[in-house]
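# An overview of the molecular structure
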Amino acid sequence: MSVTILAIESSCDETSAAVCADGKILSNFIASQAVHEQYGGVVPELASRAHMQNIVPVVDKALKEAGKQLSDLDAIAFTQAPGLIGSLLVGAQFAKSLSLALNKPLIAVHHMQAHVLANLIDDPKPSFPFLCLTVSGGHTQIVQCDSPHQLRIIGETIDDAAGEAFDKSAKLLGLPYPGGPLIDKYAKTGKPDRFKFPEPQIPGLDFSFSGLKTAILYFLQENTKTNPNFVEENLADICASIQHRIISILMNKLKKATIETGIKDVCIAGGVSANSGLRTALKETGDKMKWNTFIPAFQYCTDNAGMIAITAYYKFLAGEYTPLTASPSAKAEW
Ligand code: KG4
Ligand code: ZN
């Protein structure tokens, strides 16, 4: 039997639709919302409105690119949680309407589980059980994945997410939002051991990034007192040193998780997995620790409907359908 699924992702500021046939992603169209740049962060109300404008053309493009029509679909999937409630409502309502009109099953997907299962889109794929470090603007988690239906958080941040640590540090340096990719860019020519930022001592597999942000604030205040041009003159070294510390915090906990679980297949996912330093660190640590390492293709790292489609595919095979009375939620039980 052939299974074709249309998936919709609208949890934050990307409107995305993807078509998946028998576990292969045929199209993954993403419309980003430039409207937020001038505000230095995502404005929820504007995000919902932009989703309303984007959703029909985005779904249309995804279907065309896949060479499919509405009548070819076997199920409609959507991101149920977590995310901005107004944004989630647009995708959920659209998916429910389509499911009702086509009389095809509806499949609700958990956004954070989908980030993890993005690692099952392309070959080579990790074997079960695997560990995934999911690092995005809103989340930092180590997830143990025993099967597509059994995922468990074994460590997570107790305050800021890794992406927030990048973005808030960038803001302190006067860089525009989102600052993560800019820190990555400047770090490439800087010395990572020039400035030492503290590594928090958090028990178990949990993370903390709020102390780092405060340390950077004090460090900048201290140094700009004597030299107002301190940031401009040392930007590359400051970025490299901040990035180095964020990565060491992440990698040390990931190493600990592999030792505690004995699991050797290790993935990363989420927007911060685009960071070149983190990608190199995963590869180098993986070589040393004899891990098999995996990183999804870039288009499946940031928010995208391809990851929703692959998760929905496994749910479809297991007959895990969602009633039309389902509603999205900003926060989600795992
Ligand atoms: O997963 P994502 O696209 O959106 C969600 O937060 O769900 O992640 C966005 C985060 C932002 O904090 C952004 O600064 C960060 O990912 N990011 C990066 C890089 N590219 C994106 N952080 C560091 N280096 C990058 N190259
Ligand atoms: Zn995300």
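Residues numbered from 1 in each chain as written. Chains lettered and ligands numbered in written order. Predicted model: local features only at pLDDT ≥ 70, side-chain atom pairs only at ≥ 80, totals over all residues.

In the annotation of an unreviewed UniProt entry, the entry for the protein reads tRNA N6-adenosine threonylcarbamoyltransferase, and the organism field reads Pseudobacter ginsenosidimutans. Turning to the protein, the UniProt annotation filed under Subcellular location (unreviewed entry) states: "Cytoplasm". Taken directly from UniProt, the Sequence similarities (unreviewed entry) text for the protein runs: "Belongs to the KAE1 / TsaD family." (UniProt positions renumbered as here; feature names shortened; annotations may be inferred.)

The next thing to look at is the domain arrangement of the protein. Interface size is commonly expressed as the accessible surface area that is lost when the partners come together. Along its sequence, the protein is organised into domain 1 (4-116 + 300-317) and domain 2 (126-295). The interface is formed by ten residues belonging to domain 1 together with 16 residues belonging to domain 2. For the side of domain 1 that touches domain 2, the element with the most residues is helix α3 (residues 111-117), which contributes four residues. Its residues placed into classes, the side of domain 1 that touches domain 2 shows four nonpolar, five polar and one charged. (Domains from an automatic or database assignment. Contact = placed C-beta atoms within 7 Å. Helix = DSSP H or I, 4+ residues; strand = E, 2+ residues; numbered from the N terminus. Nonpolar A, V, L, I, M, F, W, Y, C, P; charged D, E, K, R; others polar.)

The strand order across the open sheet built from five strands is β8-β7-β6-β9-β10, with neighbouring strands paired in mixed fashion. A strand with exactly one partner marks an edge of an open sheet, and here the two such strands are β8 (150-156) and β10 (292-294). Neighbouring strand axes in the sheet, compared pairwise and without regard to direction, differ in orientation by 25° on average. In terms of strand pairing, strand β9 (residues 265-269) meets β10 through three bridges, oriented parallel. Each residue of the ladder has a partner; that of Asp 265, found in β10, is Asn 292. (Pairing = 2+ DSSP bridges. Axes fitted to C-alpha atoms, helices over the stretch in contact; angles between N-to-C directions.)

With that out of the way, let us pick up the UniProt feature "binding site: Fe cation" (unreviewed entry) in the protein. Under the feature "binding site: Fe cation" (unreviewed entry), the UniProt entry names His 111, His 115 and Asp 303. In terms of the greatest pairwise C-alpha distance, the residues named above, spread along 193 residues, form a tight cluster of at most 8.8 Å across. Following the sequence through the fold, His 111 ends up in helix α3. Owing to 23 C-beta atoms within 10 Å, His 111 belongs among the buried residues under this scheme. The residues touching His 111, leaving out its near neighbours within four places in the chain, are Ser 11, Thr 79, Ala 81, Pro 82 and Gly 83. Beyond its immediate stretch of four places on either side in the chain, His 115 contacts Thr 134, Ser 136, Ala 269, Gly 270 and Met 307. (Buried ≥ 20, exposed ≤ 12 C-beta atoms within 10 Å, placed from the backbone.)

Around ligand 1 sit 18 residues in total, of which Ser 136, Gly 137, Gly 163, Gly 180 and Gly 271 are the nearest. Looking at the shell around ligand 1 residue by residue, the classes come out as six nonpolar, nine polar and three charged. Formed jointly, the shell around ligand 1 draws a minimum of three residues from each of two domains, domain 1 (4-116 + 300-317) and domain 2 (126-295). (Near = placed C-beta within 6 Å.)

The topology assignment puts Ala 318 in the segment after α9 (305-317). Judged by C-beta crowding, with 11 C-beta atoms within 10 Å, Ala 318 ranks as exposed. Sequence-wise, Ala 318 and Val 143 are 175 residues apart; in three dimensions their C-alpha atoms are separated by 21 Å.

This part covers helix α8 (residues 276-289). Residue pairs spaced three or four apart in an α-helix point in one direction, given the helix's 3.6 residues per turn. The terminal C-alpha atoms of α8 lie 20 Å apart, and with 14 residues this matches the ideal 20 Å at 1.5 Å per residue to within 8%. Phi for Lys 290, located one or two positions after α8, is positive at around 60°. (Expected span 1.5 Å × (residues − 1).)

Spatial ordering of the open sheet is given by β3-β2-β1-β4-β5, a layout of five strands whose pairing is mixed. In this open sheet, the two strands that pair with only one neighbour each are β3 (24-32) and β5 (106-110). Each strand axis lies, on average, 20° off the axis of its neighbour in the sheet, ignoring direction. Looking at chain direction, strand β2 (residues 14-21) and β3 are connected through eight bridges and run antiparallel. Residue pairing across strands places Ala 18 opposite Asn 28, the latter belonging to β3. Contacts between helix α1 (residues 44-66) and the sheet are confined to β1 (4-9), β2 and β3, with β2 contributing the most and set at about 25° to the helix.

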